[in-house]
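Listed here are the chains, written in short residue letters.
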Amino acid sequence: KLKPRASLRKLFGESAAKITVGHVLRMQSGVQDFDLPEFDNYLLRENETYRDHSPYEFIEYASTRTPRLVCEPGTCVSYSSNNFVLAGFLLLAHANVTNWWELDVRAFVPSDASRAGFG
């Protein structure tokens, strides 16, 4: 679920305002990854393992890392699973919904007829 009034700038600082859709899709956002031992260990603790964790929680964790961005947006290529999370949030915003279950995926995926030419 999108968090009201959350922004990349609030989480990652002023430089995050420069992040574009292209940066996210090309792994050039500079946003830190969440797949780190300390976060994995947190998720695997007995009282956390079976709890639901939101995609926002993964982004929020990355914002606590130092440096908050591994580079200025667009100046490097750095794999981060969070870019996929951000792409999902972009899709939610584009669809004007705040919950994953409200998203009509068929509106964004080509029908079989329109894919016929991709062969």
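Residues numbered from 1 in each chain as written. Predicted model: local features only at pLDDT ≥ 70, side-chain atom pairs only at ≥ 80, totals over all residues. Heavy atoms only, no water.

Novice: Residue-level account of the environment of Lys 10, with values.
Specialist: Position of Lys 10 among the secondary structure elements: in helix 1 (residues 8–12). If sequence neighbours within four positions are ignored, Lys 10 has contacts with Arg 5 and Arg 68. (Helix = DSSP H or I, 4+ residues; strand = E, 2+ residues; numbered from the N terminus. Contact = heavy atoms within 4.5 Å.)

Novice: Which residues make up the packing of helix 3 (residues 37–44) against helix 4 (residues 55–62), and what values do they have?
Specialist: Viewed as axis vectors pointing N to C, helix 3 and helix 4 meet at an angle of 145 degrees, and their least axial separation amounts to 11 Å. In the crossing of helix 3 with helix 4, the sense of the turn from one axis to the other is right-handed. Along its contact with helix 3, which presents Glu 38, Phe 39, Tyr 42 and Leu 43, the element helix 4 presents Glu 57, Phe 58 and Tyr 61. Taken together, the residues that form the contact of helix 3 with helix 4 break down as five nonpolar, no polar and two charged. (Axes fitted to C-alpha atoms, helices over the stretch in contact; angles between N-to-C directions. Left-handed = near helix turned anticlockwise from the far one by under 90°. Nonpolar A, V, L, I, M, F, W, Y, C, P; charged D, E, K, R; others polar.)

Novice: Outline helix 5 (residues 82–95), supporting the account with residue identities and numerical values.
Specialist: With 14 residues, helix 5 should reach 20 Å at 1.5 Å per residue; the first-to-last C-alpha distance of 20 Å fits that figure. Within helix 5, the full set of buried residues consists of Asn 82, Asn 83, Val 85, Leu 86, Gly 88, Phe 89 and Leu 92. Buried-residue contacts for helix 5 involve helix 1, helix 2 (21–25) and helix 4. Asn 96 sits one or two positions beyond helix 5 and adopts a positive phi of about 60 degrees. (Expected span 1.5 Å × (residues − 1). Buried < 20%, exposed > 50% of the residue type's maximum accessible area, 1.4 Å probe, protein only.)

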